[in-house]
Amino acid sequence: MVRGFEPPYAVAQVALDEQPDLRMIANVLECDPSDVRIGMPVEVIFEDLTLECVLPQFRPVAE
Amino acid sequence: MIAGRSTPAGNRCAIVGVGYTPALRHASSSLGAIALDAALDALADAGLDRSEIDGYVGTPAGPGGASTSPDGVGQISAPWIAASLGLRDLRFTVDIAGLPSTSLEIAAHALQSGLCNYVLLLRAMYNPSGGAQQSGTGPRAAGPAQFTLPYGLTGGGSQFAMGVQRYLHEHGAKRQELFAVVDAARTHALLNPNAYWYGKPLCEEDYLNARFIFEPLCLLDCDLPVTMAGALIVTTAERARDLPHPPAYISGFAGTAPGRETVFEVSGVDRSDIDVAQIYDGFSPFVWYWLEQLGICGTGEAHAWCQGGRIKLGGELPINTAGGNLGEGHFQGFGHLREGVIQIMGRGGERQVQGAKHCLLGIGQPTSSRSRHAIMLSAE
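Residues numbered from 1 in each chain as written. Chains lettered and ligands numbered in written order. Predicted model: local features only at pLDDT ≥ 70, side-chain atom pairs only at ≥ 80, totals over all residues. Heavy atoms only, no water.

**Student:** So what exactly am I meant to see when it comes to the pattern of salt bridges here?
**Tutor:** Opposite charge on two side chains lets them pair, provided their charged atoms get close. All names here are of chain A. Scanning all chains against the criterion turns up nine salt bridges over all chains. For the salt bridge of Glu 30 with Arg 59, the shortest nitrogen-to-oxygen distance reads 3.4 Å. Taken together, the residues span a long stretch of sequence, with Glu 30 in the loop between β2 (19–27) and β3 (42–48) and Arg 59 in strand β4 (residues 54–60) at a distance of 29 residues. Here Glu 30 falls in the exposed class, since its relative accessible area comes to 56%. If you follow the salt bridges from partner to partner, you end up with Glu 30, Glu 43 and Arg 59 in one network. (Salt bridge = Lys/Arg side-chain N within 4 Å of Asp/Glu carboxyl O. Helix = DSSP H or I, 4+ residues; strand = E, 2+ residues; numbered from the N terminus. Buried < 20%, exposed > 50% of the residue type's maximum accessible area, 1.4 Å probe, protein only.)

**Student:** I'm lost on helix α12 (residues 334–345) of chain B in this one. Help?
**Tutor:** Helical geometry note: an α-helix holds 3.6 residues per turn, so side chains three or four residues apart project in the same direction. Residue and element names in this part refer to chain B. Taking 1.5 Å of rise per residue, 12 residues should cover 16 Å, and α12 covers 17 Å from first to last C-alpha, within 8% of that figure. Within α12, 12 of the 12 residues are buried, which leaves it mostly tucked inside the rest of the structure. Phe 334, Gly 335, His 336, Leu 337, Arg 338, Glu 339, Gly 340, Val 341, Ile 342, Gln 343, Ile 344 and Met 345 are the residues of α12 that are buried. Looking one or two residues beyond α12, the residue adopting positive phi is Gly 346, at roughly 75 degrees. (Expected span 1.5 Å × (residues − 1).)

**Student:** I tried to follow the interface of chain B and chain A on my own but got confused; where do I start?
**Tutor:** Think of interface size as the accessible area that goes away when the parts come together; that is how it is often given. With 15 residues of chain B at the contact, the number on the chain A side is 15 residues. When the two sides are added together, the surface that chain B and chain A hide from each other amounts to roughly 1200 Å², 69% of it contributed by carbon and sulfur. In terms of surface lost to chain A, no three residues of chain B exceed B:Pro150, B:Tyr151 and B:Met162, which account for 54% of the buried area on that side. Summed over the shared surface of chain B and chain A, the result is zero salt bridges. (Contact = heavy atoms within 4.5 Å. Buried area = accessible area lost by both parts, 1.4 Å probe.)

**Student:** Is there a simple way to think about the pairing of β2(A) in this case?
**Tutor:** Note on strand geometry: in a regular strand, side chains alternate between the two faces of the sheet. All names here are of chain A. Here strand β1 (residues 11–16) runs beside β2; their pairing, made up of six bridges, is antiparallel. Looking at the pairing, Val 11 lines up with Asn 27 of β2. Taken together, β1 and the strand that follows it, β2, pair antiparallel across an intervening segment of two residues. (Pairing = 2+ DSSP bridges.)

**Student:** I keep staring at the confidence of the model for chain B and nothing clicks. Help me out?
**Tutor:** Do not read the fine detail of predicted coordinates wherever pLDDT is low. Here chain B shows a mean pLDDT of 91. Residues at 70 or above account for 93%. In the model output, the complex is listed with pTM 0.93 alongside ipTM 0.92. (pLDDT = per-residue confidence, 0-100.)

**Student:** Any chance you could explain the side chain of B:Thr321 here in plain terms?
**Tutor:** All names here are of chain B. Structurally, Thr 321 can be placed in the loop between α10 (302–305) and α11 (324–327). Only 3.0 Å separates the side chain of Thr 321 from the side chain of Gln 278, close enough to count as a polar contact. In terms of polar contacts, Thr 321 uses its side chain to reach the side chain of Gln 343, at 3.3 Å. (Polar contact = N/O pair within 3.5 Å; in protein donor to acceptor, adjacent residues only side chain to side chain.)

**Student:** Please clarify how the side chain of B:Ser103 should be interpreted in this entry.
**Tutor:** Residues and elements named next belong to chain B. Counting through the fold element by element, Ser 103 comes out in helix α3 (residues 100–112). Looking at Ser 103, the relative accessible area reads 0%, which means it is buried. Setting aside chain neighbours within four positions, we find Ser 103 in contact with Val 57, Thr 59, Ile 96, Leu 121 and Arg 123.

**Student:** Can you help me understand the sheet that holds strand β3 (residues 92–95) of chain B in this one?
**Tutor:** Residues and elements named next belong to chain B. Within the open sheet, the nine strands sit side by side as β3-β2-β4-β7-β1-β8-β11-β10-β9. Their pairing is mixed. With partners counted over all chains shown, the strands left at the sheet margins are β3 and β9 (276–279), one partner each. Averaged over neighbouring strand pairs, the angle between their axes works out to 25 degrees when direction is ignored. In terms of strand pairing, strand β1 (residues 13–20) meets strand β8 (residues 248–254) through two bridges, oriented antiparallel. Along β8, the bridge assignment pairs Ala 14 with Tyr 249. (Axes fitted to C-alpha atoms, helices over the stretch in contact; angles between N-to-C directions.)

Take a look at the structure:
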């Protein structure tokens, strides 16, 4: 088990500025999941799950 | 997948008998036992003796996979059915892992090529007790799952929920509008004693208060795994005329790829001539997607189009008149196929669409890149 999932959590498809047709699945962290909206700008962060497993994740940024 | 006039369309094949068992959450008897019940019912319904069955198209296991169960218990192979049913004269036998529409297509091809005269088409779903059919958790994620599983995107409803969110966003739709689809299914299920939700009405308030599985999809937007079996007898149009029931002719069969002939072109049945439709509804928004892909309404319009009782019995286009997956139980689209036959034969009882001549079927996941089929069943 990578980790447990305690709802609510937000799963998003993120389009990258650098390559908009490359879509990444990730969680949107550091905000209330119910505040996540389609089109909201986010930035990448890296979440250390274990010593060997680091996940790219996203958090909101000001527009 | 084949689409065009080379398919078994043009009323050359017909379904002439149906048999099925009630949708149960879990069965106390083996899958083989209920499958035999369905097969024997279908034979009796078609007025045929088992010695006349010379073709068989089966599906040994459902999507839950029953590979650890012995043959005849949690899965049913063609040899097991042939031996148990005493089918000694099979000239064409195939087991597939695929859609019921694919089974029908194979049966029709076998009949038209003269390999056999009467095909028994059998489907059975087994929902083992003590566990979900699918699970997305585990210590490792490999292949495509490595990009989704670590983020809690575990398959099933979750993979569709994101697309629904996008649909709502793009088309100004509301999650509440999905109730029209669920309401039609559950209202129709009240007229189908075979349905899991028979006798259990659902009001809008209870729907809206049901817990989310993956927002915007709630528990009642998802179909319910059940154990059930169903059988059809398929034969040529010439032979169909001599049997007890009015035949349900396969008047059109098509894939849904853009640019290919549509089921309307293949069958010569116009959209305005459809009396009733059976649309695969493993998740409620599938009905929206199918209606738009079939051109019943425009892109982004289905959420509004389904409102106001339009898809309920008595409405402009009754959909899933036996309840569909959402009302009857998860049967991979076999329930839709069987109900299409029932409607065209005029045997729907309280849920019969009076004078139904053409039934449109949409079988398979409308968002899937895998095969899905549009079929027309007609009374003449």
